Amino acid sequence: HINFFPDTATNDIPDSLLKNLDQYPEVFETKSKHISIYGKEGKFIPKPMLNHLYMREGDYYSDTSFYKTINNLSSIGAWQQVDYRNYLQGDSVDMNFFLVPAIKQNVTVDLESSWNTGDFVSSSNMFGLALNLTHRNRNVWKRAIQSLTNLRTGVELNLTSSNSYSNRLLQTLQVAGSHSYSFPRFITPWRIKSRNLDAIRTVVSVNGSYTDRKDYFQFRSFVTNWGYEWKKGNASWQYRPINFELYALDKKEGLIQ
């Protein structure tokens, strides 16, 4: 029998949880009664755990399958810690997985600065300032789906008046944004056998950017793709069957050739 506890708190004692199963208001069982999932707050649906379980009822015990399950649950990102307790019952072993959820959402703000001497079109001293805003959700729709949103804006300032091309204070303006989803499984029109693969995921991303180099050019880009990532042994693989890129470059007439 295999039990999952996806809402385990960091201060919970696994052995105590096993002795008080009646405290869980939400219990999911498979039709065979072989797998049970005990939830307190309904943070997760069963599918992410079932998709990353590499053992079935009646299988011979295998260290490889056991640790493969733990490593893949840990690699998803929805749980910060995966603990376990195994108990022998005659000729069988019961397994209990205690999953401590990671912080579901967080926002980070980064401020960057740079100092460049000798710009590629001038000899000015340029001071750059950029602001990054990132939002991460580690459990979208309770399916352990990872989402990442990033917004970036920056400027480059001319702090000297020796630029023979332009005396503008604002030399460059940049705005960029990106958004991605990482699904902890393969999403395909057909079924793919993935028992021999690790850290499988489907990644969908879209990003765009706008750069205005005052008096010289404007550059715009839009990129979106759909792809897959996985590991096999020590090798990491990426496959992008769908990739769309659009770029536009407008030169400022009379100022750059």
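Residues numbered from 1 in each chain as written. Predicted model: local features only at pLDDT ≥ 70, side-chain atom pairs only at ≥ 80, totals over all residues. Heavy atoms only, no water.

This brings us to the sheet that holds strand S7 (residues 125–140). On the basis of which strands lie adjacent, the open sheet formed by seven strands has the order S6-S7-S8-S9-S10-S11-S12 and antiparallel pairing. Looking at the sheet topology across the chains shown, the edges are occupied by strand S6 (105–117) and strand S12 (235–251). Taken pair by pair, the neighbouring strands of this sheet meet at an average axis angle of 10°, ignoring direction. This element, helix H3 (residues 63–76), spans strand S8 (145–158) and strand S10 (198–213) of the sheet and lies at about 20° to S10. (Pairing = 2+ DSSP bridges. Helix = DSSP H or I, 4+ residues; strand = E, 2+ residues; numbered from the N terminus. Axes fitted to C-alpha atoms, helices over the stretch in contact; angles between N-to-C directions. Contact = heavy atoms within 4.5 Å.)

Enumeration over the complete set of coordinates arrives at 10 salt bridges. For the salt bridge of Glu41 with Lys43, the shortest nitrogen-to-oxygen distance reads 3.4 Å. Note on Glu41: relative accessible area 54%, which makes it exposed. Across the pair Asp250 and Arg220 runs a salt bridge, and its minimum N-O distance is 2.8 Å. Taken together, the positions of Asp250 in strand S12 and Arg220 in strand S11 (residues 217–232) put the pair 30 residues apart, joining distant regions of the chain. The class for Asp250 is partly exposed, based on a relative accessible area of 33%. On the basis of relative accessible area, Arg220 is assigned to the partly exposed category, the value being 31%. (Salt bridge = Lys/Arg side-chain N within 4 Å of Asp/Glu carboxyl O. Buried < 20%, exposed > 50% of the residue type's maximum accessible area, 1.4 Å probe, protein only.)

Sheet topology note: the strand S9 (residues 170–183)/S10 ladder contains 12 bridges and is antiparallel. Opposite Ser180, over in S10, you have Ser205 as the bridge partner. Bridge count between S10 and S11: 14 bridges; the pairing is antiparallel. Counterpart to Tyr210 in the pairing with S11 is Arg220.

So, on to the environment of Thr149. With respect to the helices and strands, Thr149 occurs in strand S8. Note on Thr149: relative accessible area 23%, which makes it partly exposed. Residues Thr149 and Val107, spaced 42 residues apart in sequence, show a C-alpha to C-alpha distance of 9.5 Å. Contacts of Thr149, omitting those with residues within four sequence positions, involve Leu133, Thr134, His135, Ser178 and His179. A polar side-chain atom of Thr149 sits 2.5 Å from a polar atom in the side chain of His179. (Polar contact = N/O pair within 3.5 Å; in protein donor to acceptor, adjacent residues only side chain to side chain.)

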